[in-house]
Amino acid sequence: MAEFDVVVLGGGLSGTRAALRAVELGGKVCLVEKERIGRKGFLRRNVLLAVGSQKNAKEPINWKEQLSSKEKLADEYSKNLENKLNQAGIVLVKGEGSLASQNEILVQEENASHVIKGKSIILACGSEPSFSPTLPHEENIIISIDEVSELEELPEKVLILGSGKWGSEAAIGFQELGCKVFLGTDSVEIFPEMDSDFNSKVEAQLKSKKIKILANKKIISFFKNGQDLEMTLETGIKFATNLIVMVDQRKGIEQNKVAKNLGARLGGNGEILVDDFMMSSIPGVYGVGSISGKGLTDSMSKEQGKVAAENSMGKKRKFNPEWVPMLSKLVQSVGYVGCSMKSALHQGFHPIEGVNNVSFADLEMETFKIVADKRSKSVVGAQIISRQAEELIPVILLLIKKGATVTNLANSNSTEGTRFQGLCEAARACLEAIKSA
């Protein structure tokens with residue numbers, strides 16, 4: 001029987017991050033995965049992103065060419081990730097794995113099965129799409145976001161049901177590929193974690209692409225009319241679509257029931273429940289990524305994997321979702337980290353904000369918001385709509401962790417006309433708001 005310090009079940013974002021972090025801490029690590037490492041998740045995240053040279057082309061994008069291109073990229077991504085894991089000294093085992101005991105994974109390969117033992121187990125084997133009784137799964141008609149890469153052709157009209165990063169990115173993706181898009185959310189705001197003023201700007205971005213937003217409007221009924229699905233919402237709104245894509249609704253995988261028999265607590269959707277240390281109710285068994293039954297952002301999945309790995313190697317670190325950056329590629333990139341004006345109150349802060357709107361070289365207006373605690377002047381959050389949000393949000397996270405104040409940020413040296421100057425101006429606005437409060 002093979003024995004390791006950590007056995008990771010699942011080779012997606014959270015699983016591979018967990019394995020790599022455990023190795024960094026000196027652990028002997030095994031990762032079990034039945035499919036190509038990372039390939040399925042890569043396709044789910046990227047299949048709708050238009051190929052660079054095609055994105056601004058006048059002619060419609062060829063869906064088969066798009067799929068072929070993304071599949072090649074997915075293969076390359078998987079190969080590179082597998083090489084990285086091998087170079088790190090992680091033992092990769094291909095097969096169907098399941099939890100056999102508190103410290104054992106049973107692996108079923110083609111013609112045999114064997115047990116792998118670990119001092120700690122990290123379950124990162126994902127989740128399954130969930131469909132409601134009123135919108136049951138139907139191939140090529142009502143599908144999950146996981147199945148988009150299996151479509152043989154694109155629909156003329158598509159309804160996306162989901163909010164946040166995945167819902168908005170899917171809407172932009174389908175629109176860029178030439179579809180008429182409806183975006184239905186179960187909340188009033190597309191990004192509930194962000195403040196209302198920023199949600200208004202995100203909504204304006206989507207509307208500029210002629211995406212119809214149906215916020216917080218439940219579907220009452222639908223029926224097939226030839227190639228169309230005739231939809232009726234509770235407000236009486238009626239429209240037709242050819243495809244419905246479910247983004248948000250997930251449930252725990254069937255294997256979770258095995259974990260339940262061993263003492264794991266499951267939620268109402270069959271998801272494994274974990275504490276702030278990412279540990280399940282089985283000592284030494286952790287659960288990360290969408291095994292929780294939720295579709296997580298890339299950064300959330302990776303951070304959970306990192307936290308679980310560190311705790312499995314003897315550290316004591318809590319998972320803090322406020323310190324995980326969120327980035328979404330829309331017309332302009334949207335990013336946030338830390339507290340919003342809404343959430344800061346629940347964290348015990350006295351929040352105050354500074355906002356700066358600025359245009360750069362005839363591009364769209366970009367917006368920078370800094371949220372601070374009025375008493376300490378500490379930076380506690382930021383929200384950004386900018387082409388460089390990916391570079392700026394990690395900088396803000398570092399400032400938050402280091403306890404930087406808005407005074408520090410406002411007085412930082414920055415080159416005129418840069419995005420960092422936009423952040424500094426937002427900090428100055430925040431400092432002025434504190435002084436006048």
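The structure under discussion appears in the preceding block.
Quick summary incoming for the structure in this document. (Residues numbered from 1 in each chain as written. Predicted model: local features only at pLDDT ≥ 70, side-chain atom pairs only at ≥ 80, totals over all residues. Heavy atoms only, no water.)

## Section: the environment of G236
One can find G236 in the loop between β13 (228-233) and β14 (238-241). Given a relative accessible area of 45%, G236 falls into the partly exposed group. Sequence-wise, G236 and K217 are 19 residues apart; in three dimensions their C-alpha atoms are separated by 9.7 Å. (Helix = DSSP H or I, 4+ residues; strand = E, 2+ residues; numbered from the N terminus. Buried < 20%, exposed > 50% of the residue type's maximum accessible area, 1.4 Å probe, protein only.)

## Examining the pattern of salt bridges
Per the stated rule, a full pass over the model turns up 23 salt bridges. Between D298 and R45 there is a salt bridge; the shortest N-O distance is 3.9 Å. A residue pair is termed long-range when its members are at least 10 positions apart, and D298 in helix α8 (residues 298-312) and R45 in helix α2 (residues 39-46) qualify at 253 residues. When its relative accessible area of 16% is taken as the criterion, R45 is described as buried. Where K342 meets E189, a salt bridge forms, and the shortest distance between an N and an O atom there is 3.1 Å. Of this pair, K342 sits in helix α9 (residues 341-346) while E189 sits in the loop between β10 (180-185) and α6 (196-208), and the two are 153 residues apart along the sequence. Overall, the relative accessible area of 34% leaves K342 in the partly exposed class. Judged by its relative accessible area of 19%, E189 falls in the buried class. Residues participating in the shared-partner salt-bridge network are R21, E24, E303, E310 and R317. (Salt bridge = Lys/Arg side-chain N within 4 Å of Asp/Glu carboxyl O.)

## A closer look at the sheet that holds strand β9 (residues 157-161)
Taking strand neighbours across the sheet as the criterion, the five strands line up as β8-β15-β9-β10-β11 in an open arrangement whose pairing is parallel. Looking at strand neighbours, the two that pair on one side only are β8 (142-144) and β11 (212-215), the edges of this open sheet. Pairwise comparison of adjacent strand axes, ignoring direction, gives a mean angle of 20 degrees for this sheet. The sheet contact formed by β10 and β11 spans four bridges and is parallel. Following the sheet pairing, L183 is matched in β11 by I213. Across the face of the sheet, helix α5 (residues 164-176) comes into contact with β9, β10 and β15 (243-246) while running at roughly 170 degrees to β10. (Pairing = 2+ DSSP bridges. Axes fitted to C-alpha atoms, helices over the stretch in contact; angles between N-to-C directions. Contact = heavy atoms within 4.5 Å.)

## Focus: the pairing of strand β19 (residues 333-338)
Judged by how many residues are buried, β19 sits mostly within the fold: six of six residues are covered. Hairpin connection between strand β18 (residues 326-329) and β19: a loop of three residues separates the two successive antiparallel strands. Pairing of β19 with strand β22 (residues 379-385) involves five bridges; the strand directions are antiparallel. Bridge pairing in β22 links G335 to I384.

## Here's the deal with the layout of surface pockets
Empty space within the second largest pocket amounts to approximately 750 Å³. In this structure, the second largest pocket is lined by 32 residues; those nearest its centre are L13, D298, S299, K302 and L327. If you list the elements that add at least two residues to the lining of the second largest pocket, you get α1 (13-24), α2, α4 (63-87), α5, α8, β18 and α10 (389-401). Tallying contributions element by element places α8 first for the lining of the second largest pocket, with five residues. Considering only residue class, the lining of the second largest pocket consists of 14 nonpolar, five polar and 13 charged. (1 Å grid on protein atoms, 1.4 Å probe; cavity = no way out; pocket = protein on both sides within 12 Å on 5 of 7 lines; lining within 4 Å. Points joined across faces, edges and corners; volume = space filled by probe spheres on them. Nonpolar A, V, L, I, M, F, W, Y, C, P; charged D, E, K, R; others polar.)

## A closer look at the pairing of β15
Burial of the side chains of β15 extends over both faces: L243 and V245 are buried on one face and I244 and M246 on the other. Pairing between β9 and β15: four bridges, direction parallel. Bridge assignment links L161 to a residue of β15, and that residue is M246.

## Brief notes about a negative patch on the surface
A surface patch of like charges, here negative, comprises E139, E150, E152 and E153. You can see E153 is positioned in the loop between β8 and β9. Given a relative accessible area of 64%, E153 falls into the exposed group. (Patch = residues over 30% accessible without salt bridge, like charges linked within 9 Å, V, L, I, M, F, W, Y side chains within 5 Å. Areas by Shrake-Rupley, 256 points an atom, 1.4 Å probe, with all protein chains shown as cover. Lys, Arg positive; Asp, Glu negative; His and termini not counted. Charge placed at Lys NZ, Arg CZ, Asp CG, Glu CD.)

## Topic: α6
Between the first and last C-alpha of α6 there are 18 Å, a value that for 13 residues agrees with the 18 Å anticipated at 1.5 Å per step. Among the residues of α6, F198, N199, V202, Q205 and L206 are the ones counted as buried. Projected onto a plane normal to the axis of α6, the buried residues spread over an arc of 115 degrees and lie on a single side. With its phi angle positive at about 65 degrees, K210 sits one or two positions after the end of α6. (Expected span 1.5 Å × (residues − 1). Arc of directions from axis to C-beta.)

## A word on the packing of α1 against α4
Where α1 contacts α4, the axes come no closer than 11 Å and their chain directions differ by 25 degrees. As summarised for this structure, α1 and α4 are arranged roughly parallel, according to the angle between their axes. Of the two possible hands of crossing, α1 and α4 adopt the one that is left-handed. Where α1 abuts α4, its residues L13, T16 and L20 lie against Y77, L81, K84 and L85. In terms of residue class, the contact of α1 with α4 is built from five nonpolar, one polar and one charged. (Parallel < 35°, antiparallel > 145°, perpendicular 65-115°, else oblique. Left-handed = near helix turned anticlockwise from the far one by under 90°.)

## Brief notes about the sheet that holds strand β21 (residues 365-373)
Strand pairing within a sheet occurs via backbone hydrogen bonds; the two strands may be parallel or antiparallel. Spatially, β18-β19-β22-β21-β20 is the arrangement adopted by the five strands of the open sheet, whose pairing is antiparallel. Each edge of the sheet is formed by a strand with only one pairing partner; in this case those strands are β18 and β20 (351-359). Each neighbouring strand pair of the sheet contributes to a mean axis angle of 10 degrees, computed without reference to strand direction. Sheet topology places β20 next to β21; nine bridges connect them, and they run antiparallel.

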